[in-house]
Amino acid sequence: MESNKEKRICPYCGEEFIQKRSNQIFDIDKCRTAYNNKKNNDKRKLLSSINKPLLKNFDVFNWIVGDEPFKIVHKEFLRGAGLNFSVFTHLFKDEKINKYCYSIYHFYYFKVDDNHYKIVNNG
């Protein structure tokens, strides 16, 4: 009886193996685990350049506003607190002022004048 199992090459270690199942991709479980860990690690490293500043911005806003509905602060205070103005989660349209504002999760902010920003807790 002839086996219809193919020979394959493991994408992680490069070893040739004969499949035990038709959908087998890796030669051993250790290679599958290591391959997926590396793939997920690479993704985490890539996303951390955005996620770390976002979480820092969230912490800054949470520290400044807390449970208050809003706060008005000087832009230099925000810079000193570590806010990264180039990172935000989405744009939010505030219908009261008819303006799109930068949002960081449930907070959004906009310029009040040249030196001050209003941070609104929209949570």
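Residues numbered from 1 in each chain as written. Predicted model: local features only at pLDDT ≥ 70, side-chain atom pairs only at ≥ 80, totals over all residues. Heavy atoms only, no water.

## Quick look at the overall build of the chain
Alright, step 1. The secondary structure content of the chain amounts to two helices and seven strands.
Alright, step 2. Moving toward the C terminus, one meets the helices and strands of the chain in the order β-β-α-β-α-β-β-β-β.
Alright, step 3. At 25 Å, the chain has a C-alpha radius of gyration far larger than the 14 Å of a compact globule built from 123 residues.
Alright, step 4. Here the C-alpha coordinates of the chain stretch approximately 80 × 30 × 25 Å along the principal axes.
Alright, step 5. In the chain, which comprises 123 residues, the share counted as buried stands at 25%.
Alright, step 6. Taking as baseline every contact in the chain between residues at least 6 positions apart, the subset at least 24 positions apart corresponds to 35%.
Alright, step 7. By element, 51% of the accessible surface of the chain is carried by carbon and sulfur atoms, the whole surface being about 9100 Å².
Alright, step 8. Charged side chains of the chain number 22 positive and 15 negative; the gap between the two group centres comes to 1 Å. (Helix = DSSP H or I, 4+ residues; strand = E, 2+ residues; numbered from the N terminus. Rg over C-alpha atoms; globule rule 2.2 N^0.38 Å. Buried < 20%, exposed > 50% of the residue type's maximum accessible area, 1.4 Å probe, protein only. Contact = heavy atoms within 4.5 Å. Areas by Shrake-Rupley, 256 points an atom, 1.4 Å probe, with all protein chains shown as cover. Lys, Arg positive; Asp, Glu negative; His and termini not counted. Charge placed at Lys NZ, Arg CZ, Asp CG, Glu CD.)

## Looking at the side chain of Gln19
Alright, step 1. Of note, Gln19 is situated in the loop between strand E2 (16-18) and helix H1 (29-65).
Alright, step 2. A polar contact of 3.3 Å, which involves the side chain of Gln19, links it to the backbone oxygen of Arg21.
Alright, step 3. In terms of polar contacts, Gln19 uses its side chain to reach the backbone carbonyl oxygen of Ser22, at 3.0 Å.
Alright, step 4. Each residue touching Gln19, except ones within four places of it in the same chain, is listed here: Lys5, Glu6, Arg8 and Gln24. (Polar contact = N/O pair within 3.5 Å; in protein donor to acceptor, adjacent residues only side chain to side chain.)

## Some remarks on the confidence of the model for the chain
Alright, step 1. Per-residue confidence for the chain gives a mean pLDDT of 93; residues scoring 70 or more make up 97%.
Alright, step 2. Element-level pLDDT for the chain is lowest in strand E1 (residues 7-9), with a mean of 92, against a maximum mean of 97 in strand E3 (residues 70-74). (pLDDT = per-residue confidence, 0-100.)

## Focus on unusual backbone geometry
Alright, step 1. Here Asn98, not a glycine, exhibits a phi torsion of approximately 55°, which is positive.
Alright, step 2. When you line up the elements, Asn98 lands in the loop between strand E4 (90-94) and strand E5 (99-104).
Alright, step 3. Residue class for Asn98 comes out exposed when judged on its relative accessible area of 53%.
Alright, step 4. In this structure, Tyr105 is a non-glycine residue whose phi angle is positive, near 55°.
Alright, step 5. For Tyr105, the position within the fold is in the loop between E5 and strand E6 (107-111).
Alright, step 6. Accessibility expressed as a relative area gives 39% for Tyr105, which makes it partly exposed.

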